[in-house]
Amino acid sequence: MKLLVTGGAGFIGSAVVRLAISRGHHVVNVDALTYAACLDNVASVAESPLYTFEKADIRDRAAMDRILAAHEPDAIMHLAAESHVDRSIDGPGTFIDTNVTGTYTLLEAARSYWVGKGRPAGFRFHHISTDEVYGTLGETGLFTEETPYAPNSPYSASKAASDHLVRAWHETYGLPVVLTNCSNNYGPFHFPEKLIPVVILNALAGRPIPVYGKGENVRDWLFVEDHADALLLVCEKGELGRSYNIGGNNERRNIDLVRTICALLDERRPDGAPHDRLIEFVTDRPGHDLRYAIDATRITEELGWSPSVTVEEGLAKTVDWYLENEDWWRALQARDGVGERLGKAG
Ligand SMILES: NC(=O)c1ccc[n+]([C@@H]2O[C@H](COP(=O)([O-])OP(=O)(O)OC[C@H]3O[C@@H](n4cnc5c(N)ncnc54)[C@H](O)[C@@H]3O)[C@@H](O)[C@H]2O)c1
């Protein structure tokens, strides 16, 4: 297949690009290269004859039309987005522009391309979204694909809006779409402003490890390479117009996750042990959802997917990757706002 991947220089998009190329797919990576992008994430495939890069903004309709006409993809996997909840609290406008208007622009370009080619039945517009659109859970229960949307942050509201647009373009115009909503990802190439890399890198540097509130928020952690595998499967085999939840079956309280990472570092860097002495509880994020947990029955039963690693295995791989790739994360730590406490304003 020839895949057009938006946001392929980001964390999850680059995992999709690397995996797709390793499986013999052609990939056109379309990315505007915002502060969150890093072309080193795709350096391992950049010389492949299967890989092409286009620096372009999904809000630029003319650029999207040109790229679609030039490369004639069989499917679009749409991952480009503003993705950091704390930044969405400080500056929601960019999230509306990119996640809502950008998705609208890309949908219109995709529709025009698909109609122009005679509406091929095999074409796919795959929209990649988040479980945060469902809002928050109490102590029990799981998000299914039927859970009503109730987003609580500007980020999750912008993703919910984009999900609705994609659904409407299927119902109204017949655009062949599939949607996925996944839980929190982690793994290699995770940008150093997100929780897990912050914990690893602060612990290594002997700096305080900030934990929001009392660390009681629960997330269902999904290893990014398992997610990329699920995305390629849904893109190829998912039923049109259908949503699939993707989760890791790995629910953990933030504080327990942080302590597990500290224990992994104690084994690997005993000089700094015990690293959990660096944990510091800080003011909670406004509107911080208590618990997310995914019911992934649909993708498991209909498409035969399940995660390949437990969170302990995935975290060990992740910690080892950060220890071996200092040049990668040092360069990104110098970028705007990284390492600062963002998103405190109510
Ligand atoms: N990270 C997670 O845990 C998680 C969980 C659920 C869903 N998601 C969703 O998965 C997708 C990818 O997330 P991520 O963590 O890899 O994000 P990321 O922030 O690491 O990467 C986003 C990429 O999109 C690009 N981009 C941003 N605006 C663009 C624009 N206007 N035009 C073209 N490119 C643009 C950036 O340059 C960057 O390379 C997002 O849609 C996100 O909402 C992420």
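Residues numbered from 1 in each chain as written. Predicted model: local features only at pLDDT ≥ 70, side-chain atom pairs only at ≥ 80, totals over all residues.

(A) A look at the overall build of the protein. On a plain count of helices and strands, the protein comes out with eleven helices and 13 strands. By the compact-globule yardstick of 20 Å for 346 residues, the protein fits well, its C-alpha radius of gyration being 19 Å. Counting only C-alpha atoms, the protein reaches 65 × 45 × 40 Å along its principal axes. For the protein, the residues scored as buried account for 47% of the 346 residues in total. (Helix = DSSP H or I, 4+ residues; strand = E, 2+ residues; numbered from the N terminus. Rg over C-alpha atoms; globule rule 2.2 N^0.38 Å. Buried ≥ 20, exposed ≤ 12 C-beta atoms within 10 Å, placed from the backbone.)

(B) Inspection of the site of the ligand at higher detail. Gly7, Gly10, Ala32, Ala37 and Ala81 are the nearest of the 31 residues found near the ligand. Within the shell around the ligand, the residues separate by chemical class into 14 nonpolar, twelve polar and five charged. (Near = placed C-beta within 6 Å. Nonpolar A, V, L, I, M, F, W, Y, C, P; charged D, E, K, R; others polar.)

(C) The arrangement of the pairing of strand β6 (residues 177-182) in detail. Across the six residues of β6, six count as buried, placing the element largely inside the fold. Here β6 shows a buried face lined by Val177, Leu179 and Asn181 and a second buried face lined by Val178, Thr180 and Cys182. Of the pairings in the sheet, the one linking strand β5 (residues 124-130) to β6 comprises six bridges and is parallel in character. Bridge assignment links Phe125 to a residue of β6, and that residue is Val177. Once the chain exits β5 it traverses helix α5 (residues 154-173) before rejoining the sheet at β6, and the crossover so formed is right-handed. Pairing of β6 with strand β11 (residues 243-246) involves four bridges; the strand directions are parallel. Across the sheet, residue Leu179 finds its bridge partner in β11, namely Ser243. (Pairing = 2+ DSSP bridges. Right-handed = clockwise from strand over helix to strand, strands pointing away.)

(D) Looking closely at the confidence of the model for the protein. Looking at the protein as a whole, the pLDDT averages 96, with 99% of positions reaching at least 70. Helix α3 (residues 85-90) is the least confidently modelled element of the protein, averaging 92 in pLDDT, while strand β1 (residues 2-6) averages 99, the highest of any element. (pLDDT = per-residue confidence, 0-100.)

(E) Local environment of the pairing of strand β4 (residues 75-78). Burial of β4 is two-sided: the residues Ala75 and Met77 facing one way and the residues Ile76 and His78 facing the other way are all buried. For β1 and β4, the ladder comprises four bridges, and the chain directions are parallel. For Leu4, the partnering residue across the bridge sits in β4 and is Ile76. Summarising the sheet, β4 and β5 pair through four bridges and their orientation is parallel. Its bridge partner being in β5, Met77 is matched across the sheet by His126.

(F) Layout of the sheet that holds β1. Pairing is parallel in the open sheet, where seven strands are placed in the order β3-β2-β1-β4-β5-β6-β11. Edge positions in the sheet fall to β3 (51-55) and β11, since each of these pairs with one other strand and no more. Averaged over all neighbouring strand pairs, the angle between strand axes comes to 20 degrees, with direction disregarded. Against the sheet, α5 engages β5 and β6, with an angle of about 155 degrees to β5. (Axes fitted to C-alpha atoms, helices over the stretch in contact; angles between N-to-C directions. Contact = placed C-beta atoms within 7 Å.)

(G) Local environment of the UniProt feature "domain: NAD(P)-binding" (unreviewed entry) in the protein. Feature annotation in UniProt places "domain: NAD(P)-binding" (unreviewed entry) on residues 4-318, given in this structure's numbering. Secondary structure content for residues 4-318 is 41% helix and 17% strand, and the end C-alpha separation is 27 Å. (UniProt positions renumbered as here; feature names shortened; annotations may be inferred.)

(H) Expanded view of the packing of helix α1 (residues 11-22) against helix α7 (residues 224-237). Here α1 crosses α7 at 65 degrees, and the two axes come no closer than 9 Å. For the pair α1 and α7, the crossing hand works out as right-handed. For the pair formed by α1 and α7, the contact residues are Phe11, Ile12, Ala15, Val16, Leu19 and Ala20 on the first element and Val224, Glu225, His227, Ala228, Asp229, Leu231 and Leu232 on the second. For the contact of α1 with α7, the per-class residue count stands at ten nonpolar, one polar and two charged. (Left-handed = near helix turned anticlockwise from the far one by under 90°.)

(I) Representation of the environment of Arg242 within the structure. Here Arg242 lies in the loop between α7 and β11. Of the residues examined, Arg242 has 15 C-beta atoms within 10 Å and is grouped as partly exposed. As for Arg242 and Leu303, which are separated by 61 residues in sequence, their C-alpha atoms are 12 Å apart.

(J) Summary view of the environment of Ala80. Turning to its location among the elements, Ala80 is positioned in the loop between β4 and α3. Spatially, the C-alpha atom of Ala80 lies 9.0 Å from that of Ala9, the residues being 71 residues apart in sequence. Setting aside residues up to four positions removed in sequence, Ala80 forms contacts with Thr6, Gly7, Asp31, Ile58 and Gly102.

(K) α1, seen in detail. With twelve residues, α1 extends 17 Å between its outermost C-alpha atoms, agreeing within 8% with the 16 Å of an ideal straight helix rising 1.5 Å per residue. When you tally the buried positions in α1, you get ten out of twelve residues, the bulk of the element. Close packing links the buried residues of α1 with β1, β2 (26-31), β3, β4, β7 (185-186) and α7. Trailing α1 by a residue or two, Gly24 shows a phi angle of about 90 degrees, which is positive. (Expected span 1.5 Å × (residues − 1).)

(L) Here's a closer look at the packing of helix α4 (residues 92-116) against α5. Relative orientation of the contacting elements α4 and α5 amounts to 15 degrees, with a least axis distance of 9 Å. Accordingly, the angle class assigned to the pair α4 and α5 is roughly parallel. Between α4 and α5 the crossing geometry is right-handed. Where α4 approaches α5, its residues Pro92, Phe95, Ile96, Asn99, Val100, Thr103, Tyr104, Leu107 and Arg111 are matched on the opposing element by Pro154, Tyr155, Ser158, Lys159, Ala161, Ser162, Leu165, Val166, Trp169 and Tyr173. Among the residues forming the contact of α4 with α5, the class breakdown is 13 nonpolar, four polar and two charged. (Parallel < 35°, antiparallel > 145°, perpendicular 65-115°, else oblique.)

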